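# Working through the structure, step by step
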Amino acid sequence: MVIVMVGYFYYSKDLPDVLQLKDVRLQTPMQILSSDGELIATFGERRRMPLKYDDIPPVVLNAVIATEDSRFYEHYGIDPIGILRSVYIGLKQGGFSQGGSTITQQVAKNFFLTPEKSLGRKIREMILAIRIEKELSKEEIIVLYLNMINFGSRAYGIGSAAYTFFGKDASELTLSEAALLAGLPNAPSAYNPISYPERALSRRNWVLHRMFEQGLITDEQYKNATIEPLGVKYYVPKIAFSAPYVAEMARQFMYDKFGEKAYTDGYKVYTTISKLDQIAATDAIRDNILKYDMRHGYHGPEKILWKSNEKAWDETQILSALNRYMCYSEICPAVVIKSNQDEATAILSNGNKITINFDGVKWARPYINDNLQGKLPTTVSSVISAGQQIWVKKQNEQWELSQIPIINGSLISINADNGQIKALVGGFNYNISKFNRATQAIRQIGSTIKPFIYTAALDKGLTMSTILNDAPIMRSNAGSDVWRPKNSPAVYQGPLRLRVGLSTSKNVMMVRTLRAIGVDYAADYLERFGFPRENISRHESLALGSASFTPLQVARAYSVLANGGYLITPYLIDRIEYSEGGIIYQHSPEIACSNCLDDRNEKPSNKVANLDNVENALDSSGTDEPEQSKLKADDNILLPDPSISFEGLINQNGSNVRPLDKNSGVIYAPHVISSEIAFIIKDALKSTVWGDPNGLWSGTAWRTKSLGRKDIGGKTGTTNASKDVWFAGFGANIVTTVWLGFDDHRRELGKARRDTLNDNSYIATEGGAVTANPLWNDYMKAALQDIPEQQETKPSSVVSILIDKKTGLLAPQPGTDAIMEYFILGTEPTKYPTQEVGTKVTDDQGNTYELF
């Protein structure tokens, strides 16, 4: 007895407190979910779905207890009878195949001890088992066991095992299925029903026999269950929809916050994206990239496995070659085994044979270069032939030739009122490239920058009726090259209002605007929209979009224009929950306060801008050499109150000041431009869609009219040589930015026929309007389908005035030459146009001036 006591105290020292099991956290994978609770991805080596006692059906409990510990409800942690039986069977069989451990002992071993086989470890296991029985109920112990144990194939716990092998909840398991799973923990690898079905079948029937011996099932149930087929299949977690770039962003967020525990502590991460929006974004990116790719011609087969004068490969060789590839965005590898004028036969990686007829290849002009494609094919065999490894996709139940595009793109869509990311796609296919172009690609912005420089111009005192000259520009400095910014297309219309210049994307007018307000002023002003200083170029090419930003930064900036002037902060993670419930993190977004007063109190003064050394806005010399300003006070070039400073909106660390409403706890986003200016620019961006009310001119975004909404607006963007194309805009409170281009900055998007099936269709240069705008439309059509059209509320300090289209001054009377325009109170024109006499104008005092 003394020896037993000494041994007990010796092996009891330093044993863990079994009360830890009351609050144990099983290794459970992290789940990434959409805002509507749909599963996007899981991360973690161990698949586990912890269950409560009431969720485990009696048939599972009976099968496990009959197999592992038939006296579970009778012993107190260790089972002397079970141990003696194990020893007896071992001696009789000449080997110890049964360890005699109770379920409670297995819980103790798996949670607290190492798997070493030694007498000391076994004694500690028994001591812990007795202590566990004192502190936990039998129900708590069996639940711990069933949630913890390894069933093989990365399935830990009965919940995960039921899904992994049968694709169902544990509550739906049949007697045969429960018996199969109950037999796996003894040797998960050896009895794996997918790898070793015969062994698994034998083990299942042994479990059924044990259940019958113990009176847990009837003879009929036993016989019927033993003749059932295994019916197993490997089921992976059911992903509701694909959003790999979103999933990776969420994973990185969690790893930064929790380290390796992110993958094991069962967190549920709820993102802000919605299923509908994300699917629409993925489809829009895929479809429009493929359309571009088809326009530019067929690049030829992936590989040539055998030539026409060589022996054809057998099916085993073909499948071996195909298994090195995977499908990308529904584009799959295949090998052509037969081809003639009318059709070709090909083999897929699963061994299925498919037919490709002429309709499936008739798009495939030969690719020559990015700007040139060959003639349309006339037969199938002129495009594909036997021995070629190609790419195919199924379209409208028919197989057609395809290819993996080299061009890439991104889409980012956010709620302009609070920064929620509604959809994000970082590239054509995550498995091809994990580089997230929505958040990481820093690309030249092109004309998409123009609304922000025009915003700065309005803040400087210009108005949407200010007239600038749409005429060629040439600048030549000593020792430097001549700079000739041009419109695209190179059409010049003379004096135009700023609204027309923005809507039709007149480059030379943008340069003149930048000169009028100053490059440094404009560059500093861009920081109000969240654009990083280091990416903002400080020369006149800034007017044409030489600065480079990410699509996410562009979307954030456009949100300022859409929400009344507030710089919101985009975010992806809404909340984080434990697997068993309970919120441990909840994001508090910055809100655009549409009902708040303009806390910056920014109103333009009547101080006339000092335009010394700035060209005359109506100068038409074509050389644009600096000269003294000829603008008068009534030209409405005004400066804001000089006491207003944007510096006050930024704290010493460079982050946004976020005022807190103490009554509601709401955090308001900083108000970086006045609501009046935001309203006017937003309205001007609608003109890029709808153009002139009388149809005299069209905006560059006229294709967006197809959405049929008056609350939409946006801006196209195309850089030199069409290396980057953009469209950024809003509909209701949703702001979306799309970008397309090659990852190789040296390549341009080029030219192609707009109709892939017509040799006589016109050839167009790829650009923001023709390439990016349709992608934006495809997505926004889906994203806005359940959102009512919004009516804009005009700030009280904005007035609507009837102006003359040609001069931007007050219209003498309504008519085709008059149009309504918005002005901030105090900046509206006060005079009528002077009388024109040929090329001369006469003012109210009778003075005559040459117009040009």
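Position labels on residues start from 1 in each chain and follow its written sequence. Whole-chain, interface and lining totals are the exception, using all residues; otherwise, since this is a predicted model, local features are given only for residues with pLDDT of at least 70 and side-chain atom pairs are given and counted only at 80 or more. Only hydrogens and water are set aside when side-chain values are computed; all heavy atoms of the structure are taken into account.

## Notes on the overall build of the chain
- Here a helix means four or more residues in a row that DSSP labels H or I, a strand means two or more in a row labelled E, and each is numbered from the N terminus. Helix and strand counts for the chain stand at 20 helices and 36 strands.
- Burial statistics for the chain: of 852 residues in total, 51% are counted as buried.
- Contacts spanning at least 24 positions in sequence make up 68% of the contacts within the chain whose residues lie at least 6 apart.
- Element-wise, carbon and sulfur atoms account for 50% of the exposed surface of the chain, whose accessible area totals about 39,300 Å². Under the scheme applied here, a residue whose accessible area is under 20% of the maximum for its type counts as buried, over 50% as exposed, and between as partly exposed, the area being computed with a 1.4 Å probe on protein chains only. Only heavy atoms matter for contacts: two residues are in contact if any of them lie within 4.5 Å across the pair. Reported accessibility uses the Shrake-Rupley method at a 1.4 Å probe radius. Residues are deemed covered only where the shown protein chains occlude them.

## Structural notes on the packing of helix H14 (residues 450–460) against helix H16 (residues 507–517)
- Axis definition: a line fitted to C-alpha atoms, limited for helices to the stretch in contact. Angles are taken between N-to-C directions and run from 0 to 180 degrees. Where H14 contacts H16, the two axes come as close as 10 Å, and the packing angle between them is 40°. On the basis of the axis angle, H14 is oblique to H16. Seen along the crossing, H14 lies across H16 with a hand that is left-handed. Contact residues: Lys450, Ile453, Tyr454, Ala456, Ala457 and Lys460 in H14; Asn507, Met509, Met510, Thr513, Leu514 and Ile517 in H16. The scheme is simple: roughly parallel for angles under 35 degrees, roughly antiparallel for over 145, roughly perpendicular for 65 to 115, oblique for anything else. Crossing chirality is assigned from the near helix's rotation relative to the far helix, an anticlockwise turn below a right angle marking it left-handed and a clockwise turn marking it right-handed.

## Considerations on the packing of helix H9 (residues 197–213) against helix H10 (residues 219–226)
- The contact between H9 and H10 brings their axes to 10 Å, and the two run at 180°. One element, H9, and the other, H10, form an angle in the roughly antiparallel class. Facing H9, whose interface residues are Arg204, Asn205, Leu208, His209 and Phe212, H10 presents Asp219, Tyr222, Ala225 and Thr226.

## Examining helix H11 (residues 244–258)
- The end-to-end C-alpha distance of H11 is 21 Å, a good match for the 21 Å that 15 residues give at a rise of 1.5 Å each.
- The set of residues buried in H11 consists of Tyr245, Val246, Ala247, Ala250, Arg251 and Met254.
- In the segment just after H11, glycine 259 is the residue with positive phi, at about 70°. To estimate how far a helix should extend, the number of its residues minus one is multiplied by 1.5 Å.

## Things to note about a negative patch on the surface
- Patches draw on residues past 30% relative accessible area with no salt bridge. Two like charges within 9 Å are joined, as are two nonpolar side chains (Val, Leu, Ile, Met, Phe, Trp, Tyr) within 5 Å. Should a side-chain nitrogen of Lys or Arg be within 4 Å of a carboxyl oxygen of Asp or Glu, the pair is scored as a salt bridge. His residues and chain termini do not enter the charge count, which takes Lys and Arg as positive and Asp and Glu as negative. A charge is said to be at NZ when it belongs to Lys, at CZ for Arg, at CG for Asp and at CD for Glu. A contiguous patch of negative charge, built from Asp54, Asp55, Asp169 and Glu172, is present on the exposed surface.
- Summarising the element assignment, aspartate 54 is placed in the loop between strand E3 (47–48) and helix H2 (58–68).

## Some remarks on the nonpolar core
- Ranked by internal contacts, the top residues of the largest apolar core, which has 92 residues, are Ile449, Phe452, Phe529, Phe531, Leu542 and Ile673.
- Look past the residues within four positions of phenylalanine 529 in its chain and what remains in contact with it is Phe452, Thr455, Arg556, Ala557, Val560, Leu561, Leu567 and Ile673.
- Put simply, buried Ala, Val, Leu, Ile, Met, Phe, Trp, Tyr and Cys residues joined by side-chain atoms within 4.5 Å make one nonpolar core. Ile141, Leu146, Leu181 and Val207 belong to the second largest nonpolar core, which has 53 residues in total.

## Some words on the pairing of strand E9 (residues 343–348)
- Burial within E9 is extensive, with five of its six residues counted as buried.
- Relative to E9, strand E8 (residues 332–339) is paired through five bridges, and the arrangement is antiparallel. Bridge assignment links valine 335 to a residue of E9, and that residue is isoleucine 347.
- Think of it this way: DSSP has to see at least two bridges between two strands before they count as a pair. As consecutive antiparallel partners, E8 and E9 are separated by three residues.
- Once E9 ends, the chain turns through four residues before running back antiparallel as strand E10 (residues 353–357), passing glycine 351 with a positive phi of about 90°.

## Overview of H9
- Between its terminal C-alpha atoms H9 stretches 24 Å, which fits the 24 Å expected from 17 residues at 1.5 Å a residue.
- Taken residue by residue, H9 has Ala200, Arg203, Arg204, Val207, Leu208 and Met211 as its buried positions. All buried residues of H9 project into a common sector of 140° when viewed along the axis, lining one side. Exposed side of H9, more than 90 degrees from the buried face: Glu198 and Glu213 are the residues found there.
- Against H2, helix H8 (175–182) and H10 lie the buried residues of H9.
- Within two residues after H9, glycine 215 carries a phi angle of roughly 75°, on the positive side. Taking the helix axis as origin, the arc is that swept by the directions to the C-beta atoms.

## As for the confidence of the model for the chain
- On average, residues of the chain score 85 in pLDDT, and 83% of them reach the 70 mark or higher.
- Contacts from residues 598–658, a stretch scored under 50 in pLDDT, to residues over four places away or in other chains number 128 contacts. Known as pLDDT, the predictor's per-residue confidence is scaled from 0 to 100.

## Re the state of the cysteines
- Any cysteine sulfur atom paired with another within 2.5 Å is treated as part of a disulfide. Under the counting rule described, the total for this entry stands at one disulfide.
- Paired through a disulfide, cysteine 327 and cysteine 332 show a sulfur-sulfur distance of 2.1 Å. Because the sign of the S-S torsion sets the handedness, a value of about 115° for the bond joining cysteine 327 and cysteine 332 places this disulfide among the right-handed ones.

## Re empty space enclosed by the protein
- Cavity: a set of points on a 1 Å grid over the protein atoms alone where a 1.4 Å probe fits but cannot get out. Pocket: an open set with protein on both sides within 12 Å along at least five of seven lines, its lining residues, like those of a cavity, having an atom within 4 Å of a point. Grid points are joined across faces, edges and corners, and a volume is the space filled by probe spheres set on the points. For the structure shown, the criterion picks out four cavities of 30 Å³ or more.
- In this structure, the second largest cavity spans a volume of roughly 70 Å³.
- Gly counts as polar in this scheme, as do all residues outside two lists: the nonpolar Ala, Val, Leu, Ile, Met, Phe, Trp, Tyr, Cys and Pro, and the charged Asp, Glu, Lys and Arg. The residue inventory of the lining of the second largest cavity, partitioned by class, reads five nonpolar, two polar and three charged.

## Regarding the sheet that holds E3
- Pairing is mixed across the open sheet formed by three strands, whose spatial order is E3-E5-E4. Each edge of the open sheet is held by one strand with a lone partner, namely E3 and strand E4 (150–152).
- Note: E3 against strand E5 (residues 155–156), two bridges, orientation parallel. Residue pairing in the sheet places arginine 47 in a bridge with alanine 155 of E5.

## What to know about the environment of proline 366
- Relative to the helices and strands, proline 366 is located in the loop between E10 and strand E11 (367–369).
- Given a relative accessible area of 42%, proline 366 falls into the partly exposed group.
- For proline 366 and proline 377, which are eleven residues apart along the polypeptide, the C-alpha to C-alpha distance reads 8.4 Å.
- Excluding residues that lie within four positions of it along the chain, proline 366 makes contacts with Gly297, Tyr298, Gln373, Gly374 and Lys375.

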